Amino acid sequence: MRTPFVVGNWKLNKTIAEALALVTELKNQLGAVKGVAVGVAPVATAIHSVAKRLEGTQIATCAQNCHWEASGAWTGELSPQLLADAGASWVIVGHSERRQFFGDTSESVGKKAAAVIQAGLGAIVCVGESLAERDGGRTLGVVDEQLAGGLAGIDLAGAARLVIAYEPVWAIGTGRTATPAQAQEVHAHIRTRLAERYGQACADGIRIQYGGSVKPSNAEALMSERDIDGALVGGASLEAADFIAIVKAARPA
Ligand code: 13P
């Protein structure tokens, strides 16, 4: 009922030439894959070239972050409108690295997510707990707080272009993946909260990606869980073969 969505978050990696080499391979090899939506999130300087190279394909170009204002005196920032102008159709907001190192808060993530939807793009809103929060039994409370802030400005109509990414911080770049059962528990909880906010029918259509050390070897088990609808892939998305294997693992059985 939900088409899985697999996005490669390249983080701070790849020159324009390297980015083009990778998407050309993805374009050639994923052209015929059915039943999975695919996206790549290059560094901002490569968005335009990548989007041009992917024109006419089903692979979406995504941005990794944005500002909430459309224009003005905001030195160094990029608005959803300008990212769209460069060719992006999705923006990731609230990634844990933004929250941890660049001061993003649930409130600012909410403003960014609302701005993305307002600009006509899709928003991938990231949530996830730290290891201390998980060990302290606070996982669901943290996720609730991040969802409440992150979705504050998105109404029912906007929710049609909303994707949630559950990324436990302790699983990002660590090689330590949440077990399918651990992830499913949080995904089911997120869907309950989405149903409270938008109604069950809408919540049933919202994709919830899992992120955190997703690899070809664990992708299929994760994505066979009922509420896991794709993946936000970091390290393994930098290599065509690994990313393609993950996309194929996301195909509905
Ligand atoms: P890794 O797949 O490298 O753990 O990164 C996950 C992530 O942060 C994707 O946004």
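Before any of the text, the structure's been laid out above.
This write-up is about the structure you can find in this document.

Reading the values: rules and limits
Residues numbered from 1 in each chain as written. Predicted model: local features only at pLDDT ≥ 70, side-chain atom pairs only at ≥ 80, totals over all residues. Heavy atoms only, no water. Near = heavy atom within 4 Å. Polar contact = N/O pair within 3.5 Å; in protein donor to acceptor, adjacent residues only side chain to side chain. Areas by Shrake-Rupley, 256 points an atom, 1.4 Å probe, with all protein chains shown as cover. Nonpolar A, V, L, I, M, F, W, Y, C, P; charged D, E, K, R; others polar. Helix = DSSP H or I, 4+ residues; strand = E, 2+ residues; numbered from the N terminus. Buried < 20%, exposed > 50% of the residue type's maximum accessible area, 1.4 Å probe, protein only. Salt bridge = Lys/Arg side-chain N within 4 Å of Asp/Glu carboxyl O. Contact = heavy atoms within 4.5 Å. Axes fitted to C-alpha atoms, helices over the stretch in contact; angles between N-to-C directions. Left-handed = near helix turned anticlockwise from the far one by under 90°. Pairing = 2+ DSSP bridges. Expected span 1.5 Å × (residues − 1). Phe/Tyr/Trp six-rings, centres within 6.5 Å; stacked < 30°, edge-to-face > 60°. Lys NZ or Arg CZ within 6 Å of the ring centre and 35° of its normal. Core = buried A, V, L, I, M, F, W, Y, C linked by side-chain atoms within 4.5 Å.

**So, the site of the ligand**
Inspection of the region around the ligand gives Asn-9, Lys-11, His-95, Glu-167, Ala-171, Ile-172, Gly-173, Gly-212, Ser-213, Leu-232, Gly-234 and Gly-235 as its neighbouring residues. The side chain of Asn-9 places a nitrogen or oxygen atom 3.0 Å from an oxygen atom of the ligand. The separation between an oxygen atom of the ligand and a polar main-chain atom of Gly-234 is 2.9 Å. Contact with the protein chains removes 95% of the 310 Å² of surface that the ligand exposes when unbound. Split by residue class, the shell around the ligand holds three nonpolar, seven polar and two charged.

**Focus on the environment of Thr-174**
Relative to the elements of secondary structure, Thr-174 occurs in the loop between strand S6 (162-166) and helix H8 (180-198). On the basis of relative accessible area, Thr-174 is assigned to the partly exposed category, the value being 46%. Sequence spacing of Thr-174 and Gly-94 is 80 residues, and the spatial spacing of their C-alpha atoms is 19 Å. Here the side chain of Thr-174 touches Trp-170 through a polar contact of 2.9 Å, landing on its backbone oxygen.

**Examining the pattern of salt bridges**
For the coordinates displayed, the defined rule picks out 10 salt bridges. Across the salt bridge formed by Asp-227 and Arg-2, the nearest N and O atoms sit 3.9 Å from each other. Of this pair, Asp-227 sits in the loop between helix H10 (216-223) and strand S8 (230-233) while Arg-2 is found in the segment before strand S1 (5-9), placing the two residues 225 residues apart along the sequence. In the salt-bridge network here, residues are joined through shared partners; they are Arg-2, Arg-191, Asp-227 and Asp-229.

**Overview of the side chain of Ser-108**
Within the secondary structure, Ser-108 is located in helix H5 (residues 106-118). Residue classification places Ser-108 among the buried residues on the basis of a relative accessible area of 12%. Only 2.9 Å separates the side chain of Ser-108 from the backbone nitrogen of Thr-105, close enough to count as a polar contact. Those residues within four positions of Ser-108 in sequence are excluded, and the remaining contacts are Trp-68 and Gly-103.

**Focus on the packing of helix H1 (residues 16-30) against helix H11 (residues 240-249)**
Two numbers describe how H1 lies on H11: the axes approach to 10 Å, and their chain directions differ by 40°. The chirality of how H1 crosses H11 is right-handed. Where H1 abuts H11, its residues Leu-22, Glu-25, Leu-26, Gln-29 and Leu-30 lie against Ala-240, Phe-243, Ile-244 and Val-247. For the contact of H1 with H11, the residue count by class is seven nonpolar, one polar and one charged.

**With respect to the pairing of strand S5 (residues 122-127)**
Burial analysis of S5 places six of its six residues in the buried class, which makes it a mostly covered element. What you see with S5 is no split at all: Gly-122, Ile-124 and Cys-126 on one side and Ala-123, Val-125 and Val-127 on the other are buried throughout. Where strand S4 (residues 90-93) lies against S5, four bridges are found, and the strand directions are parallel. Within S5, the residue paired with Ile-92 across the bridge is Ile-124.

**With respect to H8**
Given 3.6 residues per helical turn, the α-helix brings residues three or four places apart onto the same face. Helix length check: H8, at 19 residues, gives a terminal C-alpha distance of 26 Å against a target of 27 Å (1.5 Å per residue), a fit within 8%. For H8, the full list of buried residues reads Ala-183, Gln-184, Val-186, His-187, His-189, Ile-190, Arg-191, Leu-194, Ala-195 and Tyr-198. The first or second residue beyond H8 is Gly-199, which carries a positive phi of 95°.

**Some points on the packing of aromatic side chains**
Each aromatic ring pair is described using two quantities: the centre-to-centre distance and the angle formed by the ring planes. Per the counting criterion, the structure on display carries three aromatic pairs. Aromatic side chains Trp-68 and Trp-74 sit 6.4 Å apart centroid to centroid with 65° between the ring planes, which places their arrangement in the edge-to-face category. Of the residues examined, Trp-68 reaches a relative accessible area of 26% and is grouped as partly exposed. Above the plane of the ring of Trp-68 lies Lys-111, whose end atom (NZ or CZ) is 4.1 Å from the centre.

**Concerning the nonpolar core**
Ile-164 and Ile-190 are the most contacted members of the largest nonpolar core, which has 70 residues in total. Discounting residues that sit within four places of it in the chain, Ile-164 has contacts with Val-125, Val-127, Leu-147, Leu-151, Ile-190, Leu-194, Ile-206, Arg-207, Ile-208 and Gln-209. If you look at the next biggest cluster of nonpolar residues, it comprises 12 residues, including Phe-5, Ile-124, Cys-126 and Ala-165.

This is a description of form; function is not addressed.
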